[in-house]
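If you want the building blocks of each chain, they are given just below.
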Amino acid sequence: MPISSNLVPPGDLSELFHRASRSLRQTWSARLAPFELTPHQSRAMRSLAQHGNSADPAARAGMRLKDIAEHLRIAPRSATEVIDQLEAKKLVLRQSDPVDRRATLVCLTEEGLELSERVRAARRSHTQEYFGRLNAQERAELARILEKLSGSPER
């Protein structure tokens, strides 16, 4: 149902935002199914891939589990479960930190890196399709509003 040009009460905005967010998550989860990945697994792989593209050679070695948990905003034990699942699929591997042998680093395998790229392309396509219902001006306005709500500095 379309929204009238009248002011929308904040509670209604919250519900509309929640519904749009849920719709985006559900459609993305469906797109992940052929890759046999959960959203958490996909996000962990994306974090590892982004971290691995760092100009810092030490960063390319991998990430510690606590750092992965922070990136995913989940408990460390949940991050361990996600990494265990990815490791069982041979998408990540654990290795000793060359700087601190007590620590373990997680990095993408070649297969994990390839899958990460395919998922990234699918996400780009999904994003274009999902937000393609908006014209360029609406997308720019939505981006501005979301940046403002998320506390990001305005450009």
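Let me sum up the structure you'll find in this document. Only a predicted model underlies this, so the values are computations on that prediction, with no experimental measurement involved.

1. Here we look at the overall build of the chain
Thinking step 1. When helices and strands are tallied, the chain shows seven helices and two strands.
Thinking step 2. Counting every position in the chain, which comprises 155 residues, the buried fraction comes to 25%.
Thinking step 3. A separation threshold of at least 6 residues defines the contact pool for the chain, and within that pool the share at least 24 residues apart is 52%.
Thinking step 4. With the model as given, the accessible surface of the chain reaches about 11000 Å², and the carbon-plus-sulfur share is 54%.

2. Thoughts on the environment of K66
Thinking step 1. Looking at the secondary structure, you find K66 in helix α4 (residues 65-72).
Thinking step 2. For the pair K66 and P76, spaced ten residues apart in sequence, the C-alpha to C-alpha distance is 5.7 Å.
Thinking step 3. Among the polar contacts listed, one links the side chain of K66 to the side chain of D67, at a separation of 3.3 Å.

3. Quick word on the pattern of salt bridges
Thinking step 1. Scanning the entire structure with this criterion turns up nine salt bridges.
Thinking step 2. The residue R31 makes a salt bridge to E129 at a minimum N-O spacing of 2.6 Å. Separated by 98 residues along the polypeptide, R31 in helix α1 (residues 10-32) and E129 in helix α6 (residues 110-131) bring together distant segments of the chain.
Thinking step 3. Judged by relative accessible area, E129 falls into the exposed class, the value being 52%.
Thinking step 4. Two residues, K66 and D67, come together in a salt bridge whose shortest N-O distance is 3.3 Å.
Thinking step 5. The exposure class of K66 is partly exposed, given its relative accessible area of 46%.

4. Observations concerning the nonpolar core
Thinking step 1. One finds L37, I68 and L86 to be the most contacted residues of the largest nonpolar core, which totals 24 residues.
Thinking step 2. Contributing elements (two or more residues each) for this core: α1, α2 (39-52), α4, α5 (76-88), β2 (104-108) and α6.

5. What about the packing of aromatic side chains?
Thinking step 1. Counting across every chain of the model gives one aromatic pair.
Thinking step 2. Of note, R133 hangs over the ring of Y130, and the distance from its end group to the ring centre comes to 4.4 Å.

6. With respect to the side chain of D97
Thinking step 1. Among the structural elements, D97 can be located in the loop between β1 (92-96) and β2.
Thinking step 2. A polar side-chain atom of D97 sits 3.0 Å from a polar atom in the side chain of R64.
Thinking step 3. Those residues in contact with D97, other than ones at most four positions away along the chain, are R64, A103, T104 and L105.

The rules behind each value
Residues numbered from 1 in each chain as written. Predicted model: local features only at pLDDT ≥ 70, side-chain atom pairs only at ≥ 80, totals over all residues. Heavy atoms only, no water. Helix = DSSP H or I, 4+ residues; strand = E, 2+ residues; numbered from the N terminus. Buried < 20%, exposed > 50% of the residue type's maximum accessible area, 1.4 Å probe, protein only. Contact = heavy atoms within 4.5 Å. Areas by Shrake-Rupley, 256 points an atom, 1.4 Å probe, with all protein chains shown as cover. Polar contact = N/O pair within 3.5 Å; in protein donor to acceptor, adjacent residues only side chain to side chain. Salt bridge = Lys/Arg side-chain N within 4 Å of Asp/Glu carboxyl O. Core = buried A, V, L, I, M, F, W, Y, C linked by side-chain atoms within 4.5 Å. Phe/Tyr/Trp six-rings, centres within 6.5 Å; stacked < 30°, edge-to-face > 60°. Lys NZ or Arg CZ within 6 Å of the ring centre and 35° of its normal.

So yeah, pure geometry; function would need other evidence.
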